[in-house]
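Descriptive structure summary
The primary structure of each chain is shown beneath.
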Amino acid sequence: FRNNTTLVHLSTEESTWFVGVTALAMTAGVLISIPFSEKIGRKKLFLVSNTISILGYVLMYFAQSFHVLVTGRTVQCIGMGLGAMTIGVFFQSLF
(Lines give C-alpha, C1' and ligand atoms only; values in the text may rest on other atoms or scores of the structure.)
Protein backbone atom coordinates (compact mmCIF):
# COMPACT_ATOMS: atom_id res chain seq x y z
CA PHE A 1 0.00 0.00 0.00
CA ARG A 2 1.10 3.57 -0.57
CA ASN A 3 1.85 5.97 2.25
CA ASN A 4 0.22 9.27 1.20
CA THR A 5 0.60 10.97 4.57
CA THR A 6 2.22 14.39 4.86
CA LEU A 7 3.26 13.85 8.47
CA VAL A 8 6.84 14.57 9.44
CA HIS A 9 8.26 11.35 10.83
CA LEU A 10 10.63 11.99 13.72
CA SER A 11 13.49 9.95 15.03
CA THR A 12 13.88 9.40 18.75
CA GLU A 13 16.38 12.27 18.99
CA GLU A 14 14.15 14.63 16.98
CA SER A 15 11.10 13.82 19.09
CA THR A 16 13.14 14.51 22.22
CA TRP A 17 14.07 17.93 20.86
CA PHE A 18 10.46 18.61 19.89
CA VAL A 19 9.26 17.92 23.43
CA GLY A 20 12.26 19.54 25.13
CA VAL A 21 11.90 22.88 23.38
CA THR A 22 8.49 23.34 25.05
CA ALA A 23 9.83 24.11 28.51
CA LEU A 24 12.58 26.38 27.22
CA ALA A 25 10.31 28.38 24.93
CA MET A 26 7.56 28.77 27.53
CA THR A 27 10.11 29.97 30.08
CA ALA A 28 11.39 32.53 27.59
CA GLY A 29 7.82 33.66 26.92
CA VAL A 30 7.08 34.08 30.62
CA LEU A 31 10.28 36.04 31.17
CA ILE A 32 9.60 38.48 28.35
CA SER A 33 5.92 38.80 29.27
CA ILE A 34 6.68 40.75 32.43
CA PRO A 35 8.30 43.79 30.79
CA PHE A 36 5.98 43.59 27.77
CA SER A 37 2.84 43.66 29.91
CA GLU A 38 4.09 46.80 31.64
CA LYS A 39 4.99 48.41 28.33
CA ILE A 40 2.01 47.61 26.11
CA GLY A 41 -0.63 46.60 28.66
CA ARG A 42 -2.14 43.27 29.59
CA LYS A 43 -5.04 43.25 27.13
CA LYS A 44 -2.78 44.00 24.17
CA LEU A 45 -0.33 41.37 25.37
CA PHE A 46 -3.16 38.80 25.27
CA LEU A 47 -3.78 39.70 21.62
CA VAL A 48 -0.07 39.47 20.84
CA SER A 49 0.34 36.15 22.66
CA ASN A 50 -2.65 34.59 20.92
CA THR A 51 -1.48 35.84 17.53
CA ILE A 52 1.98 34.39 18.11
CA SER A 53 0.48 31.07 19.26
CA ILE A 54 -1.73 30.84 16.17
CA LEU A 55 1.27 31.58 13.95
CA GLY A 56 3.15 28.74 15.63
CA TYR A 57 0.23 26.36 15.10
CA VAL A 58 0.05 27.31 11.42
CA LEU A 59 3.79 26.71 11.03
CA MET A 60 3.46 23.28 12.63
CA TYR A 61 0.44 22.38 10.48
CA PHE A 62 2.23 23.16 7.23
CA ALA A 63 5.64 21.83 8.30
CA GLN A 64 7.40 19.71 5.73
CA SER A 65 10.59 19.21 7.74
CA PHE A 66 11.74 18.77 11.29
CA HIS A 67 13.30 22.24 11.45
CA VAL A 68 10.08 23.98 10.48
CA LEU A 69 8.17 21.81 12.94
CA VAL A 70 10.48 22.75 15.84
CA THR A 71 10.40 26.42 14.80
CA GLY A 72 6.61 26.34 14.88
CA ARG A 73 6.63 24.65 18.29
CA THR A 74 9.06 27.26 19.62
CA VAL A 75 6.94 30.14 18.33
CA GLN A 76 3.75 28.57 19.68
CA CYS A 77 5.25 27.97 23.13
CA ILE A 78 6.64 31.51 23.36
CA GLY A 79 3.13 32.77 22.66
CA MET A 80 1.73 30.48 25.34
CA GLY A 81 4.36 31.70 27.79
CA LEU A 82 3.49 35.31 27.05
CA GLY A 83 -0.11 34.70 28.04
CA ALA A 84 0.52 32.30 30.93
CA MET A 85 1.89 34.82 33.41
CA THR A 86 -0.26 37.70 32.29
CA ILE A 87 -3.60 35.97 32.79
CA GLY A 88 -3.08 35.56 36.54
CA VAL A 89 -2.12 39.20 36.97
CA PHE A 90 -4.98 40.36 34.74
CA PHE A 91 -7.69 38.43 36.59
CA GLN A 92 -6.30 39.36 39.98
CA SER A 93 -6.61 43.04 39.08
CA LEU A 94 -10.30 42.57 38.20
CA PHE A 95 -11.25 41.48 41.70
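What comes next is a walk through the structure. The residue numbering used here restarts from 1 in each chain and proceeds along that chain's sequence as written. Restriction of local features to residues with pLDDT of at least 70 applies here, the model being predicted, together with a cutoff of 80 or more for giving and counting side-chain atom pairs; totals for whole chains, interfaces and linings are based on all residues. Side-chain figures throughout are based on the complete set of non-hydrogen atoms in the structure, without hydrogens or water.

1. Points about the overall build of the protein
Note on conventions: DSSP H or I runs of at least 4 residues are helices, E runs of at least 2 residues are strands, and numbering of each starts at the N terminus. Helix and strand counts for the protein stand at three helices and zero strands. For the protein, the N- to C-terminal ordering of α and β elements is α-α-α. Of all 95 residues assigned to the protein, the portion counted as buried reaches 27%. To measure how exposed things are, a 1.4 Å probe is used in the Shrake-Rupley method; for residues, cover is taken only from the protein chains shown. Accessible area for the protein stands at about 6800 Å²; split by element, carbon and sulfur atoms hold 69% of it. The cut-offs for exposure are 20% and 50% of the maximum accessible area for each residue type, with area from a 1.4 Å probe on protein chains only; residues under the lower value are buried, those over the upper are exposed, and the others partly exposed.

2. Topic: helix α1 (residues 12–40)
Helix span is expected to be 1.5 Å times the residue number reduced by one. Over its 29 residues, α1 runs 41 Å from end to end, which matches the ideal 42 Å to within 8%, given 1.5 Å per residue. Along α1, the sharpest change in direction is near 35° and occurs at serine 33; proline proline 35 comes one to four residues later. Taken together, the buried positions of α1 are Phe18, Val21, Thr22, Ala25, Gly29, Ser33 and Ser37. Phi turns positive one or two residues past the end of α1, at glycine 41, with a value near 100°. Here the bend at each residue means the angle between axes fitted to two seven-residue stretches, the one ending at that residue and the one beginning there.

3. As for the packing of aromatic side chains
For Phe, Tyr and Trp, rings pair up if their centres lie within 6.5 Å, where Trp contributes its six-membered ring, and each pair is then called stacked (planes under 30 degrees apart), edge-to-face (over 60) or tilted (otherwise). Counting across every chain of the model gives one aromatic pair. With a centroid separation of 4.9 Å and an interplanar angle of 90°, the aromatic rings of tyrosine 61 and phenylalanine 62 are classed as edge-to-face. Judged by relative accessible area, which is 66%, tyrosine 61 ranks as exposed. A residue is classified by how much of its surface remains accessible, and phenylalanine 62, at 57% relative accessible area, is exposed.

4. Re the nonpolar core
Within the largest apolar cluster, seven residues are counted, these being Phe18, Val21, Met60, Ala63, Phe66, Leu69 and Val70. Elements with a minimum of two residues in this core: α1 and α3 (66–94). Residue contacts are counted whenever heavy atoms from the two residues lie within 4.5 Å of one another. Once residues lying within four places of it in the same chain are set aside, the contact partners of valine 70 are Phe18 and Val21. As used here, the term nonpolar core means buried Ala, Val, Leu, Ile, Met, Phe, Trp, Tyr and Cys residues forming a set that is joined through side-chain atoms within 4.5 Å.

5. What to know about the environment of serine 49
Within the element layout of this structure, serine 49 appears in helix α2 (residues 42–61). Each C-alpha atom of the pair serine 49 and threonine 86 lies 9.8 Å from the other, and the pair is 37 residues apart in sequence. Among residues more than four places away in sequence, those in contact with serine 49 are Gly79, Leu82 and Gly83.

6. Focus on the environment of isoleucine 34
The topology assignment puts isoleucine 34 in helix α1. Classification of isoleucine 34 by relative accessible area gives partly exposed; the value is 45%. Through-space distance from the C-alpha of isoleucine 34 to that of leucine 45 is 10.0 Å; in sequence the pair is 11 residues apart.

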